[in-house]
Amino acid sequence: MVALLLSVIGQQGVDALAFLLAFVLTALLTSLFRGRLPQDHGRAYAVNGALSKGKARGAGLIFVLCIVLVSLAFMPFHLETVIYMVLLIASMLSGYLDDASDIAWNEYKKGLIDFVIAAVAGITYLNFNGCGVQLLGWYFVLPYPVYLLLIIILIWASINVVNCTDGVDGLSASLAVVSMGTFALLYVDHLGSYVTATVVFIGSLLAYLWSNAKPSTVLMGDAGSRAMGFFLALLALKSGHPFAFVLAALVFILDGSLGIIKISLKRFLHISVLKNTLTPLHDHARKRLGWSDEQVVLRWVIAQCVVSAVLVAAASPFA
């Protein structure tokens, strides 16, 4: 079926069709099943966290399943792709079960799950792609154990910084659209059929954003944010330029990582840092700088667009 479509409308037409299908399917299923999603309990520790109380939470369950179904339908069948889609569902389910639980999962439980997912993804990637890495115009081969460790760190960090950034209506999904689009634009030749998966992911996120725009009626929960983090890291790997993640997802990194660093230093080394800085940074911007939610979303997205433009300008000759 896909081969027939390719012969008639070409790859761009197939990608556009996959985008539209993902958008429509996600919008339709979100409308039909939002009432069956768990309800948010509100978050007393977050700025304006109580406003989310009672809203449908865990919509990542819906859009991730739509993404997987549409991607597998429009991408060539390959065992590597199937494994990644299974891991994408696993990262989503680990978040959804937490969303649906009356008692939040502790960090150690979620961290162990993230580690297993990252390790399986890393072994899969190295098995099918080897240990070669590109950094601008340089190409080098890393030792297998070193690259596997770096991949695990990349995926674990990506899952968690994206998860920490999901605290304002429309923020994390909007940033993900920009970051994913950056990889698809810059490394289209390297990504191959994963461009189709990226387009599908963006289509589903835009459908989700229709309901998540302030004032939101649906929240993606950890189900969505953890899956987005996994997929962003996967794009960095499949692009062949994993270090590009630093710029393509810079706002995610800055917004989400400071809280992780602050808590980790306090808990394990008893060192207090950033005492006057609220984390994640979007809470600092709202509480200390007086920005509205809309200003945070738009300014964070603008910042990522600017950084992505710098990346595209610097890396284009070597892509």
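Refer to the preceding data block for the structure.
This structure is a prediction, so every number in the text was calculated from the model and none was measured.

When you look at unusual backbone geometry in this model, what are you seeing that I'm missing?
Both trends apply: most residues other than glycine have a negative phi, and most peptide bonds are in trans. Following lysine 214, the chain continues to proline 215 via a peptide bond in cis, the omega torsion being -5°. Inspection of the secondary structure puts proline 215 in the loop between helix 8 (194-212) and strand 4 (218-219). Of note in the backbone geometry, leucine 136 takes a positive phi value of approximately 55° without being a glycine. By the element assignment, leucine 136 lies in the loop between strand 2 (132-135) and strand 3 (138-141).

Teacher, can you tell me more about the pattern of salt bridges here?
According to the stated counting rule, one finds 10 salt bridges in the structure shown. Put simply, lysine 110 and aspartate 98 hold a salt bridge, and the shortest N to O gap is 3.4 Å. Of the two residues, lysine 110 is situated in helix 4 (residues 107-129) and aspartate 98 in helix 3 (residues 79-100); the sequence distance between them amounts to 12 residues. Across the pair, exposure class does not vary: lysine 110 and aspartate 98 are buried alike. Here aspartate 283 ties to arginine 286 by a salt bridge, and the two come within 2.6 Å at their closest N and O atoms. Of the two residues, aspartate 283 and arginine 286 both sit in helix 12 (residues 281-287), 3 residues apart, roughly one turn of that helix. Like aspartate 283, the residue arginine 286 is buried in the burial classification. What you see here is one network of salt bridges that share partners, running through Lys214, Asp283, Arg286, Asp293 and Glu294.

What is the right way to look at the environment of phenylalanine 318 in this model?
As for its placement among the helices and strands, phenylalanine 318 is situated in the segment after helix 13 (293-315). Separated by 241 residues in the primary sequence, phenylalanine 318 and phenylalanine 77 place their C-alpha atoms 29 Å from one another. Those residues in contact with phenylalanine 318, other than ones at most four positions away along the chain, are Gln134, Leu136, Gly137 and His241.

Can you help me understand the packing of aromatic side chains in this one?
Centre distance and the angle of the planes are the two values used to describe a pair of aromatic rings. One pass over the full model with this rule turns up 6 aromatic pairs. A ring pair is formed by tryptophan 291 and tryptophan 300, whose centres lie 5.6 Å apart and whose planes are at 85°; its orientation type is edge-to-face. A relative accessible area of 23% places tryptophan 291 in the partly exposed class. Its guanidinium or amino end placed over the ring of tryptophan 105, lysine 109 lies 4.0 Å from that ring's centre, counting from NZ or CZ. Over the ring of tryptophan 291 we find arginine 299, and its NZ or CZ is 4.7 Å from the ring centre.

Please clarify how helix 2 (residues 60-74) should be interpreted in this entry.
Side chains that are three or four residues apart share a direction in an α-helix, a result of its 3.6 residues per turn. The terminal C-alpha atoms of helix 2, which comprises 15 residues, lie 21 Å apart, in line with the 21 Å expected from a rise of 1.5 Å per residue. Where burial is concerned, most of helix 2 is hidden: 11 out of the 15 residues are buried. Among all positions in helix 2, only Gly60, Leu61, Ile62, Phe63, Val64, Cys66, Ile67, Val68, Val70, Ser71 and Phe74 are buried. Structurally, helix 2 contributes buried residues whose contacts are with helix 1 (2-33), helix 3, helix 8 and helix 9 (221-238).

What is the right way to look at the nonpolar core in this model?
Generally speaking, soluble globular proteins have nonpolar side chains that are buried together. Ranked by size, the top nonpolar core spans 89 residues in total, and within it Leu88 and Phe183 carry the most contacts. Looking at which element gives the most residues to this core, the answer is helix 9, with 11 residues. In contact with leucine 88, other than residues within four places in its own chain, are Val64, Ile67, Val68, Phe201, Ala227, Phe230 and Phe231.

Teacher, can you tell me more about the pairing of strand 3 here?
Along any regular strand the residues' side chains alternate between the sheet's two faces. The pairing of strand 2 with strand 3 spans 4 bridges and is antiparallel. Its bridge partner being in strand 3, glutamine 134 is matched across the sheet by tyrosine 139. The hairpin turn running from strand 2 into strand 3, its antiparallel successor, is 2 residues long, and leucine 136 in that turn takes a positive phi close to 55°.

In this structure, what is going on with helix 9? I would like to understand it.
The end-to-end C-alpha distance of helix 9 is 26 Å, a good match for the 26 Å that 18 residues give at a rise of 1.5 Å each. The buried fraction of helix 9 is high, at 18 of 18 residues. Backbone geometry just downstream of helix 9 places glycine 240 in the positive-phi region, at approximately 80°.

What is the right way to look at the side chain of serine 94 in this model?
In this structure, serine 94 sits in helix 3. In this structure serine 94 touches Trp105, Ile113 and Arg226, once residues within four positions along its chain are discounted.

Explain the packing of helix 1 against helix 8 here, please?
Taken N-terminus to C-terminus, the directions of helix 1 and helix 8 make an angle of 30°; their axes are 8 Å apart at the nearest point. Here the hand of the crossing between helix 1 and helix 8 comes out right-handed. Counting all contacts with helix 1, which are made through Gln11, Asp15, Ala18, Phe19, Ala22, Phe23, Thr26, Ala27 and Thr30, the residues of helix 8 involved are Val195, Thr196, Val199, Val200, Ile202, Gly203, Ser204, Leu206, Ala207, Tyr208 and Ser211. Within the contact of helix 1 with helix 8, the residues separate by chemical class into 12 nonpolar, 7 polar and 1 charged.

Rules behind the numbers
- Along each chain, residues carry numbers from 1 onward, in the same order as the chain's sequence is written.
- Whole-chain, interface and lining totals are the exception, using all residues; otherwise, since this is a predicted model, local features are given only for residues with pLDDT of at least 70 and side-chain atom pairs are given and counted only at 80 or more.
- The basis for every side-chain value is the complete set of non-hydrogen atoms in the structure, without hydrogens or water.
- We count a stretch as a helix when DSSP gives it H or I for four or more residues in a row; a strand needs E for two or more, and each element gets its number in order from the N terminus.
- Salt-bridge detection follows one rule: a side-chain nitrogen of Lys or Arg within 4 Å of a carboxyl oxygen of Asp or Glu.
- The cut-offs for exposure are 20% and 50% of the maximum accessible area for each residue type, with area from a 1.4 Å probe on protein chains only; residues under the lower value are buried, those over the upper are exposed, and the others partly exposed.
- Note on contacts: a residue pair is in contact if any heavy atoms of the two residues lie within 4.5 Å.
- In this analysis, rings of Phe, Tyr and Trp, with Trp reduced to its six-membered ring, are considered paired at centre separations within 6.5 Å, and the interplanar angle assigns stacked below 30 degrees, edge-to-face beyond 60, and tilted for intermediate values.
- Counting as a charge over the ring demands two things of the Lys NZ or Arg CZ atom: a distance within 6 Å of the ring centre and an angle within 35 degrees of the ring normal.
- A helix is expected to reach a length of 1.5 Å times the quantity of its residues less one.
- Buried residues of nine kinds, namely Ala, Val, Leu, Ile, Met, Phe, Trp, Tyr and Cys, make up a nonpolar core once their side-chain atoms join them within 4.5 Å.
- Pairing between two strands is assigned when DSSP locates at least 2 bridges connecting them.
- Interaxial angles span 0 to 180 degrees and are taken between N-to-C directions of axes, which are lines fitted to C-alpha atoms, for helices over the stretch in contact.
- Helix crossings are classified by the rotation of the near helix relative to the far one: an anticlockwise turn of less than a right angle makes the crossing left-handed, while a clockwise turn makes it right-handed.
- Residues are sorted three ways: Asp, Glu, Lys and Arg are charged, Ala, Val, Leu, Ile, Met, Phe, Trp, Tyr, Cys and Pro are nonpolar, and all the rest, Gly among them, are polar.

Nothing here speaks to function; it is geometry throughout.
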